[in-house]
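Inside the fold
The lines below spell out each chain.
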Amino acid sequence: MSRRMSVLLVASWLAVPGLALAQELTPEKIAAIRRDEQAAQAKVDAAYGNRKPSEMSNEERRQAARDQQTAGMSVLEKHGVSDKEYARHTARMKPEEREAVEQAEKKLEAEEKAAQAAREAAAKKKTGEEAHAPEDIPIQHGISEDSPVELESAEGAASVVEEGLPPGEVGLEEAPVGDGLEGATEEAPAAPAPRGRGK
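Keep in mind it's a predicted model, so treat the numbers as computed, not measured.

The residue Thr90 is located in helix H4 (residues 83-91) in this model. Within polar-contact distance, the side chain of Thr90 engages the backbone oxygen of Ala87 at 3.1 Å. Apart from residues no more than four positions distant in its own chain, Thr90 is found in contact with Ile30, Arg34 and Arg98.

Below is the structure:
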């Protein structure tokens, strides 16, 4: 193989990925790259306390700029895009493509919000399940026909709900006549009149 042929072969290998890369930059992919870039930049800003550049020293400003550049490059590497091709493609986008990218960004944002809501719902459900763990003992407040308390029961026997006092027990409402309670009232007896000094 001649030298010229090998140079053409190497050049074609280098050119083909560039062409394929330019074709891969769909509005959806550009929108995903932009959202990831924004998240990476926000992370770098948070690392520097979300301060304005005017509030930083010269060294901090330089380092923050390097960190932001590194974060942007890592996002492009993650998506398999070179910074040169990405910049070239975004600079040459037509208005229709820009609008398609904006629509894709809105769609990604809506999907992210829906995923966040689903994660929050799952977390609430998980904490609710933990609150009602199987080892918890249910506590019954009061007795009614819907939730009777069985003191004695035989296997297979139906529940029997008794109303009132058991037979043979006498309460105040059913007290027999003549036990000395007829004249009693709920009020306290009157206090005796104070004795005064004799005249």
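Look at helix H2 (residues 27-47) against H4: their axes get within 12 Å of each other, and the N-to-C directions meet at 115 degrees. Crossing handedness for the pair H2 and H4: left-handed. From H2, Ile30, Ile33, Arg34 and Glu37 reach across to H4, where they touch Tyr86, His89 and Thr90.

What follows is about the environment of Glu85. Note on placement: Glu85 falls in helix H4. By relative accessible area, which is 17% here, Glu85 ends up buried. For the pair Glu85 and Leu25, spaced 60 residues apart in the sequence, the C-alpha separation amounts to 9.2 Å.

The topology assignment puts His79 in the loop between helix H3 (58-78) and H4. The class of His79 is buried, set by a relative accessible area of 18%. With residues near it in sequence (within four places) discarded, His79 still touches Lys29, Ala32, Ile33 and Asp36.

As a further point, take H4. Side chains of residues three or four places apart in an α-helix project in the same direction, reflecting 3.6 residues per turn. Residues Glu85, Tyr86, His89 and Thr90 constitute the buried set of H4. All buried residues of H4 lie within an arc of 120 degrees about the axis, which places them on one face of the element. Summarising the geometry of H4, the exposed residues directed more than 90 degrees from the buried face are Lys84 and Ala91.

A few words on the nonpolar core. If you look at the biggest cluster of nonpolar residues, it comprises 17 residues, and the most contacted ones within it are Ile30, Ile33, Val81 and Tyr86. It is H2 that contributes the most residues to this core, five residues altogether.

So, on to the packing of H2 against H3. Where H2 meets H3, the closest approach of the two axes is 9 Å, and the angle between their N-to-C directions is 150 degrees. It follows from the interaxial angle that H2 and H3 lie roughly antiparallel. Like other packed secondary-structure pairs, H2 and H3 cross with a definite hand, here right-handed. From H2, Ile33, Asp36, Glu37, Ala40, Gln41, Val44 and Asp45 reach across to H3, where they touch Ala64, Asp67, Gln68, Ala71, Gly72, Val75, Leu76 and Lys78. Residues that form the contact of H2 with H3 fall into these classes: seven nonpolar, three polar and five charged.

Definitions and cut-offs
For every chain, the first residue of its written sequence is number 1, and the numbers climb from 1 along that sequence. For this predicted model, a pLDDT threshold of at least 70 governs which residues receive local features, and a threshold of 80 or more governs which side-chain atom pairs are given and counted, while totals over whole chains, interfaces and linings are taken from all residues. In computing side-chain properties, one takes all heavy atoms of the structure into account and sets aside hydrogens as well as water. A run of H or I in DSSP becomes a helix once it reaches four residues, and a run of E becomes a strand once it reaches two; helices and strands are each numbered from the N terminus. Under this definition, polar contacts are N or O atom pairs within 3.5 Å; protein pairs additionally need one hydrogen-donor-capable and one acceptor-capable atom, and for neighbouring residues in sequence, both atoms have to be side-chain atoms. For this analysis, residues touch if any pair of their heavy atoms sits within 4.5 Å. Axis geometry follows a simple rule: fit a line to the C-alpha atoms, using only the stretch in contact for helices, then measure angles between N-to-C directions, giving values from 0 to 180 degrees. Take the far helix as the reference: if the near one is turned anticlockwise from it by less than a right angle, the crossing is left-handed, and if turned clockwise, right-handed. Relative accessibility thresholds used throughout: buried, under 20% of the residue-type maximum; exposed, over 50%; partly exposed, between the two (1.4 Å probe, protein chains only). When we speak of the arc, we mean the arc of directions from the helix axis to the C-beta atoms. Here, nonpolar core means buried Ala, Val, Leu, Ile, Met, Phe, Trp, Tyr and Cys residues that are tied together by side-chain atoms lying within 4.5 Å of each other. By definition in this entry, angles of less than 35 degrees are roughly parallel, angles greater than 145 are roughly antiparallel, angles of 65 to 115 are roughly perpendicular, and the rest are oblique. Charged residues are taken to be Asp, Glu, Lys and Arg, nonpolar residues to be Ala, Val, Leu, Ile, Met, Phe, Trp, Tyr, Cys and Pro, and polar residues to be all remaining types, Gly included.

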